[in-house]
Amino acid sequence: MPRQRKQIYSTPSGTSWLQRRIGRAGLIAFVFSFSIVLACLCLLAVRGLMVKKIRAQMPQIISSLNELGVDLAYDNISFSPLFFTPLMKIDNPQLYSLDANDYWKLQFSDIRAYPQLGDSRKLRLNFSLSGEAVFNNELYSLELAQALTELQYSTEGFAELLIQAKDINLKGFAKTAQLSLLVQKSNLQSANKDAALPSFSAALEFKDVNINTAANSPLSPHLKLFHLQADAIGELPWRDGLLTSLENWSKSGGFVDIKNMVLQWKPLTLVGRGNLKLNSALLPNISLNTSSKGLLRLLDDLQDLGIIDAKNVYVTKILLSNKAYRLSPDDDELTITTPISYTDGKISIENLVIRDPNQQTLPQ
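Residues numbered from 1 in each chain as written. Predicted model: local features only at pLDDT ≥ 70, side-chain atom pairs only at ≥ 80, totals over all residues. Heavy atoms only, no water.

Engineer: How would you summarise the overall build of the chain if you had to cite specific residues and measurements?
Structural biologist: Within the chain, the secondary structure is distributed over four helices and 20 strands. Looking at the chain as a whole, 33% of its 364 residues are labelled buried. For the chain, contacts bridging at least 24 residues in sequence account for 49% of all contacts bridging at least 6. Of the roughly 23,200 Å² of accessible surface on the chain, a fraction of 56% belongs to carbon and sulfur atoms. (Helix = DSSP H or I, 4+ residues; strand = E, 2+ residues; numbered from the N terminus. Buried < 20%, exposed > 50% of the residue type's maximum accessible area, 1.4 Å probe, protein only. Contact = heavy atoms within 4.5 Å. Areas by Shrake-Rupley, 256 points an atom, 1.4 Å probe, with all protein chains shown as cover.)

Engineer: Could you give an account of a nonpolar patch on the surface, with specific residues and numbers?
Structural biologist: Among the surface-exposed residues, Tyr314, Val315, Ile318 and Leu319 lie close enough to one another that they form a single nonpolar patch of about 360 Å² accessible area. Tracing the backbone shows Ile318 in helix 4 (residues 310–323). Note on Ile318: relative accessible area 40%, which makes it partly exposed. (Patch = residues over 30% accessible without salt bridge, like charges linked within 9 Å, V, L, I, M, F, W, Y side chains within 5 Å. Salt bridge = Lys/Arg side-chain N within 4 Å of Asp/Glu carboxyl O.)

Engineer: A description of the packing of aromatic side chains should follow, citing residues and the corresponding values.
Structural biologist: This model, assessed by the stated rule, comprises four aromatic pairs. Ring plane angle 25° and centroid distance 5.0 Å describe the contact between Phe135 and Tyr140, whose orientation is recorded as stacked. Ring pairs connect the aromatic residues Phe135, Tyr140 and Phe173, which therefore count as one cluster. In this structure, Lys185 packs its charged tip against the face of Phe200, placed 5.6 Å from the ring centre. When the ring centre of Phe255 is taken as origin, the NZ or CZ atom of Lys277, which lies over that ring, is 6.0 Å away. (Phe/Tyr/Trp six-rings, centres within 6.5 Å; stacked < 30°, edge-to-face > 60°. Lys NZ or Arg CZ within 6 Å of the ring centre and 35° of its normal.)

Engineer: How would you summarise the confidence of the model for the chain if you had to cite specific residues and measurements?
Structural biologist: Looking at the chain as a whole, its pLDDT mean stands at 82, while 80% of the residues score no less than 70. Throughout residues 6–11 the model reports pLDDT below 50, and contacts reaching past four residues in sequence, or to other chains, amount to zero contacts. (pLDDT = per-residue confidence, 0-100.)

Engineer: Please set out helix 4 residue by residue, giving values where relevant.
Structural biologist: Look at helix 4: 20 Å from first C-alpha to last across 14 residues, which is about the 20 Å you get at 1.5 Å a residue. Taken together, the buried positions of helix 4 are Val313, Thr316, Lys317 and Leu320. One side of helix 4 holds all its buried residues, which, seen down the axis, span an arc of 105°. Those residues of helix 4 that are exposed and aimed more than 90 degrees away from the buried face are Lys311, Tyr314 and Asn322. Buried positions along helix 4 lie against helix 3 (295–304), strand 18 (335–343), strand 19 (346–349) and strand 20 (352–355). (Expected span 1.5 Å × (residues − 1). Arc of directions from axis to C-beta.)

Engineer: Tell me about the packing of helix 3 against helix 4, and name the residues and values.
Structural biologist: Two numbers describe how helix 3 lies on helix 4: the axes approach to 11 Å, and their chain directions differ by 165°. By the angle class used here, helix 3 and helix 4 are roughly antiparallel. Relative to helix 4, helix 3 is oriented so that their crossing is left-handed. The segment helix 3 lies against helix 4, with Leu295, Leu296, Leu299, Asp300 and Gln303 engaging Ala310, Val313, Lys317, Leu320 and Ser321. (Axes fitted to C-alpha atoms, helices over the stretch in contact; angles between N-to-C directions. Parallel < 35°, antiparallel > 145°, perpendicular 65-115°, else oblique. Left-handed = near helix turned anticlockwise from the far one by under 90°.)

Here it is in structure tokens:
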């Protein structure tokens, strides 16, 4: 009797294994696609939120500039919630003075704003690397090798501003190797409600500025360094307009604590600290305790040019000479520790006014 041939069938276990593999791959693809779509929707929502925030704040920014006698103009402004495009683009922005007697203007080809990925609190502004500036009735071309501006907000409002620029060439006027500015909202708190705490801190620095100055300038055409660190003491309420807020802040005891100032501009080298307060016209009055080298030589040069009061300078130099000393045997200049102030337009050293614009006219 012939042997029966056994019929061969595909095994169910093999089929279920393949189906499981296909099912897992499909599930992974679905989860991945869903995640991508969800992330894109979230990013679109973030960009949309930032557009709404910028649109709401633009009138307030321009209003604050107008209070300072400055205005912002542009040919066109556009917003986009789409990826890989600027969140905001301003064509031909121009910042200019509203005072016809003291007119100036700063203009760029365009400004483009980009949000940080997934964070509606940070905004990066890219300025075009060319532009122009107008002041003293002269037009100057402007070129930059690098420029960076970042804005950061918190739930309470402004949090941080960072500006950095390198190789700034204002053709025919000045070249600056580096400029940086950092302004931060302070989060310091105290159990004592009457304690004077900083509401903002700031740091400003210029490095290697070469200026095309007139031949009779008492200062070198090369400013090696200017560095300033300061805190705004007292809460600044930005509710009733910029000038009203500054007036209320000043009346409630607000001032700027100048923690450190360094100036290296031959023949003067100066370090100091002090404070800045606003007068009734909201103009700055500055008081500094300084230590410097080259101050006596600078005073001599300013006196020769007729820029400062010769009578008071004579007495000032006697007082300064009596307290001057040589910090190091190799020093060419004497070191002098003295208070310097700028009050209502008047410059004083040792409480003697050496420059009063109401009584003197600068040489042309």
